[in-house]
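# Structure assessment
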Amino acid sequence: MCAAKVIDGKKFAEGLRGRIATAIAGLKSDHDLEPGLAVVLVGEDPASQVYVRNKAKQTVEVGMKSVEHKLDASTSEADLLAVVEQLNNDPTIHGILVQLPLPDHIDENKVINSINPDKDVDGFHVINTGRLATGQDSLVPCTPVGSVMLAKDALGSLSGLEAVVIGRSNIVGKPVAQLLLQENCTVTIAHSRTKDLPGVVGRADLVIAAVGRAEMVKGDWLKPGACVIDVGINRIERDGKNRIVGDCDYEDCAKTAGSITPVPGGVGPMTIACLLHNTVHAACAIKGVPVPEM
Ligand code: GUN
């Protein structure tokens, strides 16, 4: 039985992309500004390839310029840095995303920090993480923004709520905790070494699961009525079939939660929509025009 309200990220993301497309049409006609997004993929990781293909498709659908650089897995760090530098200097490109993970012989931090922070639409550059942590205007990582948008859609104001983030990655855990602090939540970041994880999760009005372990969070861990935002995308085999599941045991959690995101169809579609949103922000800031309502 599913008592929880299902939070439809696919529908929310479609609405957001529609508003972004309208905003871009206005930027083109009023300011002769066509936002441009460049994606750099090194190697042939199948999940990254699917992701990059979807990004390119949706970028074009909202009316943006889309550029892709697909580099061989053996590409040197110096050659990758040269591609980033070329994009930094390209006036038609306002957003640069280097798909992670990178091959082991490349220093990920060095590459991320070589991106012009004003074009860092992932929000991973140390300047943007610092700006976010100190409450200054910044480009903010896409999955955390999408997660908080869905939580606010389900709960309204988040002010004063107990939020538990499971996972402490630079991509999701740490930035989503910063955003929840800005929303006036009381924030706990739990992780693999947390003692009594079910007890900690049981305090939460809002659970953000971003730990990368299939179906780890169980229904009896949750405070009844909690909002569950599941960021996990895990490939498993069940009954001889390949499936994608989240970090939460969906059927079980839906019995106790007040609202919950499904996997797929929850946070996943929000990530690319928020990337497009960030690219519009970056383009407006670079060109010095007001950011349209989206
Ligand atoms: N790999 C998995 N998620 C992301 C993301 O949000 N941005 C980049 N650049 N790589 C990723």
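Residues numbered from 1 in each chain as written. Predicted model: local features only at pLDDT ≥ 70, side-chain atom pairs only at ≥ 80, totals over all residues. Heavy atoms only, no water.

Sheet architecture is open: six strands sit in the order β1-β11-β8-β7-β5-β6, paired in parallel fashion. The open sheet has two free edges, formed respectively by β1 (5–6) and β6 (186–190), since each of these has just one partner strand. Note: strand β8 (residues 227–230) against strand β11 (residues 259–260), two bridges, orientation parallel. Its bridge partner lying in β11, C227 is registered against S259. Here helix α6 (residues 142–155) sits on the sheet in contact with β7 (206–209), β8 and β11, set at roughly 155 degrees to β8. With respect to the sheet, helix α7 (residues 173–182) is in contact with β5 (162–166), β6 and β7, its orientation differing from that of β5 by roughly 170 degrees. (Pairing = 2+ DSSP bridges. Helix = DSSP H or I, 4+ residues; strand = E, 2+ residues; numbered from the N terminus. Contact = heavy atoms within 4.5 Å. Axes fitted to C-alpha atoms, helices over the stretch in contact; angles between N-to-C directions.)

Residues in contact with the ligand, as listed here, are L97, V98, Q99, L100, D122 and F124. Between Q99 and the ligand, the recorded distance is 3.4 Å, taken from a side-chain N or O atom to a nitrogen atom. Taking D122, its side chain carries an N or O atom lying 2.6 Å from a nitrogen atom of the ligand. Protein chains bury 82% of the 280 Å² of accessible surface belonging to the ligand in isolation. (Near = heavy atom within 4 Å. Polar contact = N/O pair within 3.5 Å; in protein donor to acceptor, adjacent residues only side chain to side chain. Areas by Shrake-Rupley, 256 points an atom, 1.4 Å probe, with all protein chains shown as cover.)

Moving on, we get to the pattern of salt bridges. The final tally for this structure, using the stated rule, is eight salt bridges. In this structure, K152 engages E183 in a salt bridge whose closest nitrogen and oxygen atoms are separated by 3.1 Å. Placement of K152 in helix α6 and of E183 in the loop between α7 and β6 is noted, with a sequence separation of 31 residues between them. Note on E183: relative accessible area 22%, which makes it partly exposed. (Salt bridge = Lys/Arg side-chain N within 4 Å of Asp/Glu carboxyl O. Buried < 20%, exposed > 50% of the residue type's maximum accessible area, 1.4 Å probe, protein only.)

Bringing the packing of helix α1 (residues 9–31) against α6 into the picture now. When two helices pack together, their arrangement is captured by the angle between the axes and the distance separating the axes. Their axes nearest at 11 Å, the elements α1 and α6 cross at an angle of 105 degrees. Of the possible angle classes, the one that applies to α1 and α6 is roughly perpendicular. Mapping the contact onto sequence places G9, F12 and L16 in α1 and M149, L150 and D153 in α6. Residues of the contact of α1 with α6, tallied by class, amount to four nonpolar, one polar and one charged. (Parallel < 35°, antiparallel > 145°, perpendicular 65-115°, else oblique. Nonpolar A, V, L, I, M, F, W, Y, C, P; charged D, E, K, R; others polar.)

Counted at 1.5 Å a residue, the expected span for α6 with its 14 residues is 20 Å, and the 20 Å between its end C-alpha atoms agrees. Of all the positions in α6, only C142, T143, P144, V145, G146, S147, V148, L150 and A151 are classed as buried. Buried residues along α6 sit against α1, α7, β7, β8 and α10 (268–287). G156 sits one or two positions beyond α6 and adopts a positive phi of about 75 degrees. (Expected span 1.5 Å × (residues − 1).)

Below, the discussion takes up the confidence of the model for the chain. Mean pLDDT over the chain: 97, with 99% of residues reaching 70 or higher. Ranking the elements of the chain by mean pLDDT puts helix α2 (residues 46–61) last, at 94, and β5 first, at 99. (pLDDT = per-residue confidence, 0-100.)

What follows covers unusual backbone geometry. Peptide bonds are trans in most cases, and residues, glycine excluded, mostly fall at negative phi. In this chain, L100 is followed by P101 through a cis amide linkage whose omega measures 0 degrees. Within the secondary structure, P101 is located in the loop between β4 (95–98) and α4 (108–112). Across the junction of V263 and P264, the peptide omega takes the value 0 degrees, indicating a cis bond. In this fold, P264 is placed in the loop between β11 and α10. Positive phi, close to 55 degrees, is recorded for D196, a residue that is not glycine. Its location among the elements puts D196 in the loop between β6 and α8 (197–201). Its relative accessible area of 54% is what places D196 among the exposed residues.

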